[in-house]
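# Breakdown of the fold
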Amino acid sequence: MKKIMWMTGVLASVLLVKCGPKMNENTKGTSSETSMTDVDPMPFANSITADELKEMLYVYASDEFEGRNTGEPGQKKAVAYLKEYYENQEIASALDSTYFQTVPESFFRAGSGIKASENVVAYIKGSTKPDEYIIISAHLDHVGVSDTGEVFNGADDDGSGTVGLLEIAEAFNEAVKAGYTPQRSIVFLHVTAEEKGLYGSRYYAENPIFPIANTVADLNIDMIGRVDDAHKDNENYIYLIGSDKLSTELDSISTAVNNKYMNIDLDYTYNDENDPNRFYYRSDHYNFAKQGVPIIFYFNGVHADYHKVSDTPDKINYPMLAKRSQLVFLTAWELANRADRIVVDKK
């Protein structure tokens with residue numbers, strides 16, 4: 001999450017999420033005959049595991065990646081890692097020949113010294129509504145190395161969101177391999193330079209690979225691997241921010257999906273317009289919200305290791321990282337497979 005601020009009642013019903021039959025050997029692979037709303041997504045959600053998340057995060061948030069500072073060698077290693085993951089999963093690039101959307105040096109603030117960088121963008125093309133897009137985003141960068149050579153590993157910020165997004169992509173891919181391609185296209189967007197001022201997401205929003213007008217929602221994941229002091233006696237929570245800002249329907253769907261599948265405590269503390277932290281304006285979803293795209297920001301809250309060299313993989317709560325990632329997957333699944341696109345009814 002960007003450290004310095006640069007911009008200054010839920011109606012839920014489980015009926016919003018259709019209770020269809022479970023996937024079994026008779027329905028598996030029969031997407032042409034079985035409505036996607038009749039497919040149980042939990043077998044695919046369960047492919048998101050604490051062990052796989054841990055294995056990836058110990059690599060992604062290791063000293064080898066040198067704190068993933070924008071434009072620097074560690075960040076280049078990070079984007080190469082992400083590209084290789086999608087290639088191994090055989091999930092397509094969103095671009096013709098590369099997974100990289102280059103953010104040129106000229107896009108950054110004059111005199112900042114920030115070098116050219118890359119967003120990493122993969123996608124799964126929708127089956128029946130391929131020209132409508134659900135974006136799931138996380139920022140791939142962190143703050144680099146200290147003057148004394150200590151690495152800021154950024155395990156929670158935002159290594160947790162990054163590996164969560166990779167597991168979500170794998171879960172959707174498992175569904176595709178089973179014969180259940182989502183109806184709308186799913187875009188897996190890893191943005192750069194969040195820590196420098198949300199540059200990567202702004203570049204995508206202003207230079208979209210897929211039309212913003214056809215972007216149904218952005219589900220943004222920034223720090224979902226820890227438990228903050230406010231929840232030390234109840235780790236089964238996630239802060240939701242922005243889910244009701246542009247679409248009351250999105251907020252209701254989000255709640256209904258959670259009630260049906262996950263039963264995580266949804267904490268809206270930071271969604272309050274009067275909250276002094278103003279987190280709604282401080283991560284990459286905001287560049288989509290400014291363009292009228294409904295968003296949800298998933299966040300575990302701050303902790304003592306925030307933006308310190310002590311934000312390391314050993315401090316991540318991997319079972320909760322898995323559970324929160326599953327919630328994002330299931331919400332995206334519902335948004336991708338609903339008959340109608342969600343309505344923007346608020347400004």
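Each chain carries its own residue numbering, running from 1 in the direction its sequence is written. Two thresholds apply to this predicted model, a pLDDT of at least 70 for residue-level local features and 80 or more for giving and counting side-chain atom pairs, whereas whole-chain, interface and lining totals are computed over all residues. Excluded from the side-chain calculation are hydrogens and water; included are all heavy atoms of the structure.

## Examining the overall build of the protein
Test applied: Each helix corresponds to a stretch of at least 4 residues labelled H or I by DSSP, and each strand to a stretch of at least 2 residues labelled E; elements are numbered beginning at the N terminus. Computation of the radius of gyration draws on C-alpha atoms alone. For the globule rule, the value is 2.2 Å times the number of residues to the power 0.38. Partly exposed residues are those whose accessible area sits between 20% and 50% of the maximum for their type, while under 20% is buried and over 50% is exposed, using a 1.4 Å probe and protein chains only. Exposure was quantified through the Shrake-Rupley algorithm and a 1.4 Å probe, taking into account, for residues, occlusion by the shown protein chains and nothing else. When charges are tallied, Lys and Arg are placed among the positive residues and Asp and Glu among the negative ones, while His and the ends of the chain are skipped. Each charge is placed at NZ for Lys, CZ for Arg, CG for Asp and CD for Glu.
Looking only at helices and strands, one finds 8 helices and 9 strands in the protein. Computed over C-alpha atoms, the radius of gyration of the protein comes to 19 Å, within 12% of the 20 Å expected from 2.2 N^0.38 for 347 residues, which places it in the range of a compact globule. Projected onto its principal axes, the C-alpha positions of the protein cover 60 × 45 × 40 Å. For the protein, the proportion of its 347 residues judged to be buried stands at 60%. For the protein, the exposed area adds up to about 13600 Å²; of that, 47% sits on carbon and sulfur atoms. Charge centroids of the protein, computed over 33 positive and 52 negative side chains, lie 4 Å from each other.

## Considering the side chain of D311
Under the convention used in this document: A pairing counts as a salt bridge when a side-chain nitrogen of Lys or Arg comes within 4 Å of a carboxyl oxygen of Asp or Glu. Polar contact is defined as a pair of N or O atoms within 3.5 Å, subject to the rule that within protein one atom must be able to donate a hydrogen and the other to accept it, and that residues adjacent in sequence are counted only when both atoms are side-chain atoms. Contacts are assigned to residue pairs that have any heavy atoms within 4.5 Å of one another.
Within the secondary structure, D311 is located in the loop between β9 (295–299) and α8 (318–337). In this structure, D311 is buried with no salt-bridge partner, the nearest side chain bearing the opposite charge being R226 at 4.2 Å. Among the polar contacts listed, one links the side chain of D311 to the backbone nitrogen of D157, at a separation of 3.3 Å. Setting aside its immediate chain neighbours within four residues, D311 contacts N153, G154, A155, D156, D157, R226, H303 and D305.

## Some words on the side chain of S243
With respect to the helices and strands, the residue S243 is situated in the loop between β7 (237–241) and α6 (248–262). Among the polar contacts listed, one links the side chain of S243 to the side chain of D251, at a separation of 2.5 Å. Not counting the four nearest positions on each side in its chain, S243 is found in contact with L250, D251, Y268, N271, I295 and I296.

## A few points about the environment of Y58
Along the chain, Y58 falls in helix α2 (residues 50–60). In this structure Y58 comes out as partly exposed when scored by relative accessible area, which is 40%. Taking C-alpha positions, Y58 is 9.7 Å from N153, a pair spaced 95 residues apart along the chain. Discounting residues that sit within four places of it in the chain, Y58 has contacts with P313, D314 and Y318. Of the polar contacts made by the side chain of Y58, one reaches the backbone nitrogen of D314; its length is 3.4 Å.

## Quick word on the pattern of salt bridges
Overall, the coordinates contain 11 salt bridges when judged by the stated rule. The closest approach of N and O atoms between E72 and K115, which form a salt bridge, is 3.4 Å. Placement of E72 in the loop between α2 and α3 (73–89) and of K115 in the loop between β2 (100–103) and β3 (117–124) is noted, with a sequence separation of 43 residues between them. By relative accessible area, E72 is classed as partly exposed at 25%. Among the charged side chains, a salt-bridge network with shared partners connects R226, D305 and K315.

## So, the environment of M223
Its place among the elements puts M223 in the loop between β6 (215–221) and β7. Counting along the chain gives 66 residues from M223 to D157, while the straight-line C-alpha distance between them is 5.1 Å. Look past the residues within four positions of M223 in its chain and what remains in contact with it is M1, D156, D157, D158, S160, Y298, F299, N300, G301, H303 and Y306.

## Some points on unusual backbone geometry
Look at the link from D157 to D158: it is a cis peptide, with omega at -10°. Secondary-structure assignment places D158 in helix α4 (residues 155–177). A positive phi angle is found at R68, which is not glycine, with a value near 55°. Inspection of the secondary structure assignment puts R68 in the loop between α2 and α3. Take R68: its relative accessible area is 1%, and that puts it in the buried class. A positive phi angle is found at M223, which is not glycine, with a value near 80°.

## A few points about the confidence of the model for the protein
So the rule is basically this: Confidence scores here are pLDDT values: one per residue, from the predictor, ranging 0 to 100.
With 90% of its residues at a pLDDT of 70 or more, the protein shows a mean pLDDT of 92. Low pLDDT (under 50) marks residues 3–16, which in the prediction has 34 contacts with non-local residues, meaning those over four places away or in another chain. Here residues 18–33 is a poorly scored stretch, pLDDT under 50, and it has 27 contacts once near neighbours within four places are set aside; other chains count.

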